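Here are the chains, one letter per residue:
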Amino acid sequence: GGPVQQRWRAWRRWWHNNNLGSVTLCHTCIIMQLLKPQWISHDGGKAIFSVDLHPDGSRFATGGQGQDSSGRVVVWNLQPVVYEKYEEDEKVPKLLCQLDQHLGCVNTVRWSCSGRYLASAGDDKVIIIWQQSSYGGGAVFGSNVVNVESWRSVATLRGHEGDILDVAWSPGDLWLASASIDNNVIIWNTSKWPEQVRVLRGHTGLVKGVTWDPVGRYLTSQADDKSLRIWRTTDWATEEKIIDPFTECGGTTTVLRPGWSPDGQYLVSAHAMNNGGPTAQIIDRDGWNTDKDFVGHRKPITCVRFNPNILKKADPTTGKSVQYCCVAIGSRDRSISIWFTSLKRPLVVVHDIFDDSVLDLSWSSCGRYLMAVSKDGTLAFINFTSEEIGYPLSEDETNNLHMKLYGKSARTTASSVNPTIIENPELLRLREEERLRAKAANASEQSQRPAPPTPQRAPINKQIETRTADGKRRITPMFIPPTEGVENPNKSYEASFSSSHQEKSKIVVEKVDGVVEPNVSVSRPPTVFSANSSSSPGKAVCLPAEFNGVPAGLPARFSKSCGVNSEKATVAAADVQVTSTAVKRKQEDAQPIVIKRKRGRPPLYDRSSTPAAPTRAPSPAAAPTPALPRPPTATQHHVEPPHLVLPEASLSKSARVQIPGEVSHDVPPPLLVVENDYRIGSRAGVGTPNLHRVSRTQLNVVSWVVYLTSHVTTATATSTTAAFTCHDKTLHILDITTGEMLLPPLQLQGRASQLFVQESTIMVLTTDATLTIWDFKKRKRILSESVRHLVEGRNGGVKCVQLTAEGTPVLLLTSGEAFTRCQELEAWLLLGDVASVRCLVQPEYTMLPLCHPTDNCSRPLASLLHQTAAYCGSSRVSRPIISDDARQNLTEVFINRMLTSAQYLRSAHDYKFWLKRKIQFFIKEGLEKKLRDIFDDLLGPKDTTLTNNQEGLTWKPKIMDYDKKALLEEFLREILLAKNSLQLQRLYSEYKEQLDTTMIDLI
Amino acid sequence: MAKVHIVNVVVLDNPSPFFNPFQFEITFECVEDLQEDLEWKIIYVGSAESENYDQTLDTVYVGPVPEGKHMFVFQADPPDENKIPVGDAVGVTVVLLTCGYKGQEFVRVGYYVNNSYTDPELQENPPDVPQFDKLQRNILGSQPRVTKFKIDWDDAKDAENIPPSENASEGASTSQNSSDMKPVLSMETSNSACAMEVA
């Protein structure tokens, strides 16, 4: 059985005319093996865009189209390609792993130089870095493929705004470069995913290929803008822009992958033109001369790949050893040519092996195997003999050659983290100091800080089921721990095939009583499904006989039918449960603020400490202060009167609030327990009014109890006071230790939506959006004001209200805005920036500092903004497309707003943090002028003796409690850490010198 | 890139009587900690003719979902037989297992389901009014049809929904490839130092 493997050998004769006196390789005859393994295909013939052989020669990867419009990466075993006996041996796996995670065609796959990682990228604008793991493997669900190996993504790099066409690892794997149709090249830091070292802007057309020189000094990119750029890795500036050979080129190739010779002497471009004919331009490293080219292909050249070895062989006539490089060129004319730099004619040209354009080439590290892939979905393999191709120089010989030619080699590049030329010897010392300092600071910070709570892992032997308020189940799945490092070659893969069994599930289901709230955001707008779907093959599958006569409409149901949302259809099915969902949605549409959830009953207490929801791991996004109530949700089923702008707070049947105070490890903290609809005894008669109970409990010992006749809607506690509100618009303030009422119940002017207590200050936000603050000890109203204008017209409601350490009221909205009230202005000020801006700006500069609860006082801005969802979100959001200029501008404005907010809050820590971000931002963008402006201010007037100078008078030596000069000294170090341009190094030296002079003056 | 991938689904208690609950043992892998719960659904297609007869058998929230591999059994009650058109009770239909995140469906697994009488007598002469208690349900567990949908996993507005800009040149290159090869550029007109052999 099985498909017939078509294998064929091509014996071709090539000869060359030795009239130019070059070395003759083989007198008349080239013997090489050419084959096209038919089993290498993507989903039965989809285009293969990229191929790369693993450095250790064990396997290779292909990338291209998968099912429908999705992408596919496949890792293959090389042995069955090279050796016929393995190809026929069914025990030798051919496909090692199929990775279908890319949502768009995969245009490039590249192994890192070490072979440890595989990078893949494509039309879905992301780069995925893969690493092998022993965790997993098995069948690919919904297909017939079995993965023998498991490759897991260790990083997903987002940053490009368009399809990515090429990636390249630098020598020594220091950087990864990616080329995209967004006209940019991004340099990624391989030791710190997903950090971007630099975005190389300059191309004005789609960038279609990148390659590094073998010692890591230059990077080359070729683009549709009819240019090829050479970038310096020292400062990421353009070393050379080459235009001449490309002026006649049209953008008719899918890719333009240039190549750099392993001796570093020549760069060879993809598609160039000479006298109207397509060529591959040879660019001499010495002066970037372009007077030579490879000519003969009939259509544009798509890819150039050098044999990774410098080769040598003896000249048969003179017996002298000759060194040369070997390059393979692939073209849209469907042919491949292979050239030696020592020969004027190609070693061999292979015509007509593909039915469509050649898209990528790859050599093995031994140098004898060459692979080529084509848009026609096939792969060709060429096996040369050492006599033909030559003998590779050893690694030492190559490195020595590089050292001789360039003073550096791939080895030295790899060992030095910082390849920058240091102009100033002092910089070297300072930089080392800085490195040690950073290390020490890091270490001390880690030891000071308590370790973050380890997220509660899911159960590993059972699943836990709870119920949500609307009766649905919430399942915490069984976690399958990875078996990292445990190799199990005899693993049976059959077991995980999609199948069916007669027996029932063996998974233990633990049902837990109590109501939980599902962790879903219901307030989202109706889903917009992307029409871009990928489905498994519906074709050529034989159904068992009993499934014959499938109704015609059924297969269409496997994917969503256009226009008709299945939810909509289920509504009409008169299913009670589903219908109610639909009604709920309608209400949301009409009054988005009033009702967020139907019967959502969030527990007030810290979920992880309660038996009702033991399954919830602390959310990484937001860790609310335990004393604060969760965002409220409405309980109303009726339509709200129009004057209510906020939902009334609600508590579930029972809730606990941890009472703050000294933390002891032996005794659990005391709790304020609210039990609504408390049943006294077992015989609650019909006429008995519902009673609700509030108590203080520690270790199951109740110290005081209060019974109420109205439902408790919010509750909070401080170390001295307990406060709660009831549905009957009352506010109760009690002494926490005795349960004694400090005031008779206070009648609110509306139902409570938010409650906050700090020392003797109490803050209530009612459903009509009136915010009132009292000092209950002084019996004084501090503020009563409508905040309706802040809430209305925004998506979502109020997340919480609170007071800063200075006693300033703060209002946090679920949409991400934070407002603070300025007493003098009697107005509310927006802190930071509106949430919508954040997704537009460059995330690396707008991320908030890590915030620890103990920092609350020292960093009010950071701690406030941390509580609003928009700032806590992942930095890895994919961002809408806006121009780079606009993004740069928005980022600067964003940082400036943060600075102003920090200044307003008089938060020195926050101010310094954002000032540093600003400087880092300017350094990365290379905005020297703006850096100078900041530094000049920090440095102060140049001549301090001229006190009558206007500047000297107005200049203050301090900013927000910080000494400006100390700040300058610190910020100057950022330049050192940024390890980039020469230009900024000079800036460093300039200011450092001036700073040192002023310091001496002061002494 | 999707954050959640279905590793495997095993259909359990299959085949079984019509009124037995559905049981799917689902293994999925998550590449990074999820902020919200997943929402899984089992939808029974009552009739091939119209989506109006679809029945959502159950909806469950699954969470929290940290990075890693997870497994759970999803059991749901059988469909309400009163809502199945009489003509569609016996024969082949479809059951769908869907999963959504933040209200967006990102994967749909479909199975063919065959409902048939086990009693040869009934097979020969099926009653006019279907006898559901005599029906056996057989799910074709070995042939799932998987459909994936691109969704917005993060809270970014719409970046993923912007159609990729078309590379117009690609089409051109494909069409040109089939055209006849032009004669090879002759050596004389080229000032190139290297030239390919004229075959």
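In this text the structure is predicted, and so the values were computed from the model without any measurement. (Residues numbered from 1 in each chain as written. Chains lettered and ligands numbered in written order. Predicted model: local features only at pLDDT ≥ 70, side-chain atom pairs only at ≥ 80, totals over all residues. Heavy atoms only, no water.)

**Considering the overall build of chain B**
Then, number 1: Across its full length, chain B carries two helices and eleven strands.
Then, number 2: Reading the secondary structure of chain B in the N-to-C direction produces β-β-β-β-β-β-β-β-α-β-β-α-β.
Then, number 3: The buried share of chain B, reckoned over its 199 residues, is 63%.
Then, number 4: At a minimum sequence separation of 6, the contacts of chain B that also span at least 24 residues come to 66%. (Helix = DSSP H or I, 4+ residues; strand = E, 2+ residues; numbered from the N terminus. Buried < 20%, exposed > 50% of the residue type's maximum accessible area, 1.4 Å probe, protein only. Contact = heavy atoms within 4.5 Å.)

**Some thoughts on the overall build of chain A**
Then, number 1: Assigned secondary structure in chain A consists of 19 helices and 57 strands.
Then, number 2: Evaluated residue by residue, chain A yields a buried proportion of 55% over its 1003 residues.
Then, number 3: In chain A, the share of contacts with a sequence separation of at least 24, taken over all contacts with a separation of at least 6, comes to 55%.
Then, number 4: For chain A, the exposed area adds up to about 43,900 Å²; of that, 52% sits on carbon and sulfur atoms. (Areas by Shrake-Rupley, 256 points an atom, 1.4 Å probe, with all protein chains shown as cover.)

**So, the state of the cysteines**
By definition, a disulfide is the covalent link that joins the sulfur atoms of two cysteine residues.
Residue and element names in this part refer to chain A.
Then, number 1: With the rule as written, the count across this model stands at zero disulfides over all chains.
Then, number 2: The structure places no disulfide on Cys326, whose sulfur is separated from the nearest cysteine sulfur, that of Cys325, by 8.7 Å.
Then, number 3: Taking the relative accessible area as the measure of exposure, Cys326 reaches 0% and is therefore buried. (Disulfide = S-S within 2.5 Å.)

**As for the environment of B:Gln55**
All names here are of chain B.
Then, number 1: Counting through the fold element by element, Gln55 comes out in strand 5 (residues 54-62).
Then, number 2: Each C-alpha atom, one on Gln55 and one on Ile84, is 9.1 Å from the other, the two residues being 29 residues apart in sequence.
Then, number 3: There is a polar contact of 2.8 Å between the side chain of Gln55 and the backbone nitrogen of Asp80. (Polar contact = N/O pair within 3.5 Å; in protein donor to acceptor, adjacent residues only side chain to side chain.)

**Let's talk about unusual backbone geometry**
Then, number 1: The residue after A:Trp193, namely A:Pro194, is reached through a cis peptide bond having omega -5°.
Then, number 2: Looking at where A:Pro194 falls in the secondary structure, it is placed in the loop between strand 14 (185-189) and strand 15 (196-200).
Then, number 3: For the peptide bond that leads from B:Asn14 to B:Pro15, omega is -5°, which places it in the cis range.
Then, number 4: The backbone of A:Trp236 sits at a positive phi, close to 60°, despite the residue not being glycine.
Then, number 5: By the secondary structure assignment, A:Trp236 is in the loop between strand 18 (227-232) and strand 19 (238-242).
Then, number 6: Despite not being glycine, B:Lys102 has its phi angle at roughly 50°, a positive value.
Then, number 7: Structurally, B:Lys102 can be placed in the loop between strand 7 (91-101) and strand 8 (104-117).
Then, number 8: Its relative accessible area of 4% is what places B:Lys102 among the buried residues.

**A short note on the pairing of strand 40 (residues 654-658) of chain A**
Residue and element names in this part refer to chain A.
Then, number 1: Here strand 40 shows a clear split, with Ala655 and Val657 buried on one side and none of Ser654, Arg656 and Gln658 buried on the other.
Then, number 2: Here five bridges tie strand 40 to strand 41 (residues 671-678), and the two strands are oriented antiparallel to one another. Bridged to Val657 within strand 41 is Leu672. (Pairing = 2+ DSSP bridges.)

**Details of helix 15 (residues 908-925) of chain A**
All names here are of chain A.
Then, number 1: Between the first and last C-alpha of helix 15 there are 26 Å, a value that for 18 residues agrees with the 26 Å anticipated at 1.5 Å per step.
Then, number 2: Counting buried positions along helix 15 yields 14 of 18 residues, so the element is predominantly enclosed.
Then, number 3: Following helix 15 by one or two positions, Gly926 has its phi on the positive side, about 70°. (Expected span 1.5 Å × (residues − 1).)

**Digging into helix 18 (residues 964-977) of chain A**
One full turn of an α-helix is made of 3.6 residues, so residues set three or four places apart face in the same direction.
Then, number 1: Its 14 residues give helix 18 of chain A an end-to-end C-alpha distance of 20 Å, which sits within 8% of 20 Å, the value for a rise of 1.5 Å per residue.
Then, number 2: Those residues of helix 18 of chain A that fall on the buried side of the exposure criterion are A:Lys964, A:Lys965, A:Leu967, A:Leu968, A:Phe971, A:Leu972, A:Arg973, A:Glu974, A:Ile975 and A:Leu976.

**Let's talk about a nonpolar patch on the surface**
Residues and elements named next belong to chain A.
Then, number 1: Judged by side-chain polarity, Val667, Leu699 and Val701 come together as a nonpolar surface patch covering roughly 260 Å² of accessible area.
Then, number 2: Relative to the assigned elements, Val701 resides in strand 43 (residues 701-708).
Then, number 3: Since its relative accessible area comes to 54%, Val701 is described here as exposed. (Patch = residues over 30% accessible without salt bridge, like charges linked within 9 Å, V, L, I, M, F, W, Y side chains within 5 Å. Salt bridge = Lys/Arg side-chain N within 4 Å of Asp/Glu carboxyl O.)

**What to know about the pattern of salt bridges**
Then, number 1: By the definition in use, this model includes 34 salt bridges over all chains.
Then, number 2: The partner of B:Glu67 in a salt bridge is A:Arg152, with the nearest N and O atoms 3.9 Å apart. Of this pair, B:Glu67 sits in the loop between strand 5 and strand 6 (68-76) while A:Arg152 sits in strand 11 (residues 150-158), placing the two residues on different chains.
Then, number 3: When its relative accessible area of 36% is taken as the criterion, B:Glu67 is described as partly exposed.
Then, number 4: With a closest N to O distance of 3.5 Å, A:Glu397 and A:Lys312 form a salt bridge. Note that A:Glu397 is positioned in helix 4 (residues 395-406) and A:Lys312 in strand 25 (residues 311-314), a separation of 85 residues in sequence.

**A closer look at the sheet that holds strand 44 (residues 712-717) of chain A**
Residue and element names in this part refer to chain A.
Then, number 1: Here four strands make up an open sheet; going across it, the order is 44-45-46-47 and the pairing antiparallel. This sheet does not close on itself; its edge strands, each paired only once, are strand 44 and strand 47 (746-747).
Then, number 2: When strand 46 (residues 730-735) meets strand 47, the two strands line up antiparallel, connected through two bridges. Paired with Thr730 across the bridge in strand 47 is Gln747.

**Observations concerning the environment of A:Ser907**
Then, number 1: Among the structural elements, A:Ser907 can be located in the loop between helix 14 (884-904) and helix 15.
Then, number 2: Remark: the alpha-carbon pair of A:Ser907 and A:Asp961, spanning 54 residues in sequence, is separated by 9.4 Å.

**Considerations on the environment of A:Ala168**
All names here are of chain A.
Then, number 1: Within the secondary structure layout, Ala168 lies in strand 12 (residues 164-169).
Then, number 2: Taking the relative accessible area as the measure of exposure, Ala168 reaches 10% and is therefore buried.
Then, number 3: Once the C-alpha coordinates of Ala168 and Leu219 are considered, the two residues, 51 residues apart in sequence, prove to be 9.4 Å apart.
Then, number 4: Not counting chain neighbours up to four residues away, the residues in contact with Ala168 comprise Trp175, Leu176, Ala177, Val210, Thr211 and Trp212.

**Here we look at the sheet that holds strand 19 of chain A**
Residues and elements named next belong to chain A.
Then, number 1: The strand order across the open sheet built from four strands is 16-17-18-19, with neighbouring strands paired in antiparallel fashion. The sheet is open, and its two borders are formed by strand 16 (207-212) and strand 19, each paired with just one other strand. Here the strands of the sheet are splayed against their neighbours by 15° on average, with no regard to which way each runs.
Then, number 2: The pairing of strand 17 (residues 218-223) with strand 18 spans six bridges and is antiparallel. For Ala223, the partnering residue across the bridge sits in strand 18 and is Ser227. (Axes fitted to C-alpha atoms, helices over the stretch in contact; angles between N-to-C directions.)

**Focus: the confidence of the model for chain B**
All names here are of chain B.
Then, number 1: When pLDDT is averaged along chain B, the result is 77; 76% of the residues meet or exceed 70.
Then, number 2: With pLDDT under 50 throughout, residues 156-194 is counted as low confidence; its partners more than four residues away or in other chains account for 71 contacts.
Then, number 3: The ipTM value of the predicted complex is 0.75, and its pTM value is 0.52. (pLDDT = per-residue confidence, 0-100.)

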